[in-house]
Amino acid sequence: MASETRPFLKMNGLGNDFVVWDAREKPLRLAPEAIAALGDRETGIGFDQMITVERSSLGVDAFMRIHNRDGSEVSACGNATRCIGRLLMEEAGKDLITIETGAGLLHAFDADGPRSVTVDMGVPRLAWNEIPLAEEFADTRAIELQIGPIDDPILHTPAVVNMGNPHAIFWVDDVEAYELERVGPLLEHHPIFPEYANISLAHVFDTDQIRVKVWERGVGLTLACGTAACAVGVAAARDGRTSRKTTIHLPGGPIGIEWRESDNHVLMSGLTEVEFEGEVDLDTLAWRKTAAGDVPLAAGAAS
């Protein structure tokens, strides 16, 4: 019996990268071990998340299923929503589409500039039991949590926000001054976070400009995390550190965040990229590239 081969796209939003499968006509389910093998950057395709585009039970443009590189399924991924939004808009010839996710319905629409997409990420959840936390805190702008010696903690008093998944934001003077690859796993799995958490270091370095470094749950250090950018923008505005409109500078590049005052929805805007097309043998997990992705912006502008 011949093995099954399935095509995929490799995409990224500011370096936050994904393998994307179209499963609207033919369902696709991979075991966590297979996802982890494909996601391995040394021996597999390499990605932060695996995205499966499926038919929506609600009748909207599509349902987006999200698995982290370790095989765990999660409800939200902002950069993936922008990438899938771009694909669906191009396919349908529309400038606004709706995506069903585990975190609810999200709307994507054209933003200014080539390949730029804005996603309405909805209303942030700010109550302790919505994030969720293991114990009650009246004010989630700064909860009692620290790592390191009690009289001289390495990091302490984070803000917490849920943007479809839980986030903890530590305000620091230099995001590179901490070994996030070491403390990130400890904080991700801290007992205060029953569903684990994404951990961000954030530094407001200019008016409405924030530098951010992220440890993403189930992934590790990442070049960009869209929901983390949203969470940081919300936390900064709640604390009076910035206005409701900020630019978040991630290792992969800048992303625009607006926590809209009229309805409290969070809008996230940034570039997307198709890196290449490929195909995978689902039995052996062997894969190959079949076509190049986007023409570089400079080349596209000159053509």
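Criteria and cut-off values
Along each chain, residues carry numbers from 1 onward, in the same order as the chain's sequence is written. Where totals are concerned, whole chains, interfaces and linings use all residues; where local detail is concerned, this predicted model gives features only for residues with pLDDT of at least 70, and gives and counts side-chain atom pairs only at 80 or more. Side-chain descriptors were evaluated using all non-hydrogen atoms of the structure, hydrogens and water having been removed beforehand. Here, the term nonpolar core denotes a set of buried Ala, Val, Leu, Ile, Met, Phe, Trp, Tyr and Cys residues that are joined through side-chain atoms within 4.5 Å. Summary of the burial criterion: residues with accessible area below 20% of their type's maximum are buried, those above 50% are exposed, and those between are partly exposed, where the area comes from a 1.4 Å probe applied to protein chains only. The way it works is that DSSP assigns letters per residue, a run of H or I at least four long becomes a helix, a run of E at least two long becomes a strand, and they are numbered from the N terminus. In this analysis, two residues are considered to be in contact whenever any of their non-hydrogen atoms come within 4.5 Å of each other. For each structure, a 1 Å grid was placed over the protein atoms alone; sets of points admitting a 1.4 Å probe that cannot get out are labelled cavities, open sets with protein on both sides within 12 Å along at least five of seven lines are labelled pockets, and lining residues have an atom within 4 Å of a point. Grid points are joined across faces, edges and corners, and a volume is the space filled by probe spheres set on the points. By the convention adopted, Pro, Cys, Tyr, Trp, Phe, Met, Ile, Leu, Val and Ala count as nonpolar, Lys, Arg, Asp and Glu as charged, and the other residues, Gly among them, as polar. Residue-level confidence of the predictor is summarised by pLDDT, bounded by 0 at the bottom and 100 at the top. Between the rings of Phe, Tyr and Trp (Trp by its six-membered ring), a pair exists once the centres lie within 6.5 Å; its type follows the angle of the planes, with under 30 degrees stacked, over 60 edge-to-face, and the other angles tilted. Between Lys or Arg on one side and Asp or Glu on the other, a salt bridge is scored when a side-chain nitrogen of the former is within 4 Å of a carboxyl oxygen of the latter. Note on disulfides: each one is a pair of cysteine sulfur atoms within 2.5 Å. DSSP bridges decide pairing: two strands pair if at least two such bridges lie between them.

J.: I'd love a proper account of the nonpolar core, names of residues and values included.
T.: Within the largest apolar cluster, 52 residues are counted, with the highest numbers of intra-cluster contacts made by Trp-171 and Ile-248. If one sorts the elements of this core by residue count, helix 4 (residues 226-238) sits on top with 9 residues. Ignoring sequence-local partners within four residues, the contact set of Trp-171 consists of Ala-159, Ala-202, Val-204, Ile-210, Val-232, Ala-235, Ala-236, Asp-239 and Arg-241. Formed by 21 residues, the second largest nonpolar core is a distinct cluster that contains Ile-131, Phe-137, Ile-192 and Ala-197.

J.: Would you mind going over empty space enclosed by the protein in detail, with residue names and values included?
T.: Across all of its chains, the model carries 1 cavity of 30 Å³ or more by this definition. By volume, the largest cavity is sized at about 50 Å³. Taken together, the residues that form the lining of the largest cavity break down as 4 nonpolar, 6 polar and 2 charged.

J.: An account of the confidence of the model for the protein is needed here, citing residue identities and associated values.
T.: In low-pLDDT segments, the atomic positions of the prediction should not be examined closely. Averaged over all residues, the pLDDT of the protein is 93; the fraction at 70 or higher stands at 96%. When the criterion is pLDDT under 50, residues 297-303 qualifies, and its contacts beyond four places in sequence or with other chains add up to 4 contacts.

J.: Hey, could you go over the environment of Val-161 for me, with residue numbers and the actual values?
T.: Tracing the backbone shows Val-161 in strand 11 (residues 159-162). Residues Val-161 and Pro-124 lie 37 residues apart in sequence; the distance between their C-alpha atoms is 6.8 Å.

J.: Please provide a residue-by-residue account of the side chain of Thr-52, values included.
T.: By the secondary structure assignment, Thr-52 is in strand 3 (residues 49-54). Sequence-distant contacts of Thr-52, defined by excluding residues within four places in its chain, comprise Trp-21, Ala-23, Leu-28, Phe-63, Met-64 and Arg-65.

J.: Tell me about the packing of aromatic side chains, and please be specific about residues and values.
T.: Under the definition given, this model contains 4 aromatic pairs. For the pair Phe-8 and Phe-276, a centre-to-centre distance of 6.1 Å together with 75° between the ring planes defines the contact as edge-to-face. Here Phe-276 lies in strand 19 (residues 273-281) and Phe-8 lies in strand 1 (residues 5-13), a separation of 268 residues in the sequence. Phe-8 sits in the buried class, given a relative accessible area of 3%.

J.: Break down unusual backbone geometry for me, citing the residues and quoting the values.
T.: For residues besides glycine, phi is generally negative; the peptide bonds are generally trans as well. Look at the link from Ile-131 to Pro-132: it is a cis peptide, with omega at -15°. With phi around 60°, Asp-208 is a residue other than glycine that occupies positive phi space. For Asp-208, the position within the fold is in the loop between strand 13 (198-206) and strand 14 (209-216). A positive phi is found at Asn-264, a non-glycine position, where the angle reads about 65°. By the element assignment, Asn-264 lies in the loop between strand 17 (253-259) and strand 18 (266-271).

J.: Outline the pattern of salt bridges, supporting the account with residue identities and numerical values.
T.: Inspection of every chain in the model, using the stated rule, returns 24 salt bridges. A salt bridge links Asp-294 to Arg-115; its shortest N-O distance comes to 3.7 Å. On the criterion of sequence distance, the pair formed by Asp-294 in the loop between strand 20 (287-292) and helix 5 (297-302) and Arg-115 in the loop between strand 7 (104-110) and strand 8 (116-120) is long-range, its members being 179 residues apart. Residue Asp-139 pairs with Arg-141 through a salt bridge whose shortest N-O separation is 2.9 Å. Under the relative-accessibility criterion, Arg-141 is labelled partly exposed at 36%.

J.: Before we move on, could you go through the state of the cysteines and cite the residues and values that matter?
T.: For the structure shown, the criterion picks out 0 disulfides. We note that Cys-83 lacks a disulfide partner, and the nearest cysteine sulfur, in Cys-77, lies 8.2 Å from it. Given the relative accessible area of 1%, Cys-83 is considered buried.

J.: So, the environment of Gly-71: which residues are in play, and what are the values?
T.: Here Gly-71 shows up in the loop between strand 4 (62-68) and strand 5 (73-74). The spacing of Gly-71 and Ala-34 is 37 residues in sequence and 7.8 Å in space, taken between C-alpha atoms. Residues in contact with Gly-71, not counting those within four places in the same chain, are Pro-32 and Ile-35.

J.: Could you give me a rundown of the pairing of strand 14, with the residues and numbers involved?
T.: The buried count for strand 14 comes to 6 of 8 residues, which makes it a mostly enclosed element. Bridge analysis of strand 13 against strand 14 gives 7 bridges, and the strand direction is antiparallel. Residue pairing across strands places Leu-201 opposite Lys-213, the latter belonging to strand 14. For strand 14 and strand 16 (residues 245-250), the ladder comprises 3 bridges, and the chain directions are parallel. The residue of strand 16 that forms the bridge with Arg-211 is His-249. Pairing geometry for strand 14 and strand 15 (residues 220-222), over 3 bridges, is antiparallel. Bridge pairing in strand 15 links Trp-215 to Leu-221. Between strand 14 and strand 15, which pair antiparallel one after the other, the connecting turn spans 3 residues, and Gly-218 there sits at a positive phi close to 75°.

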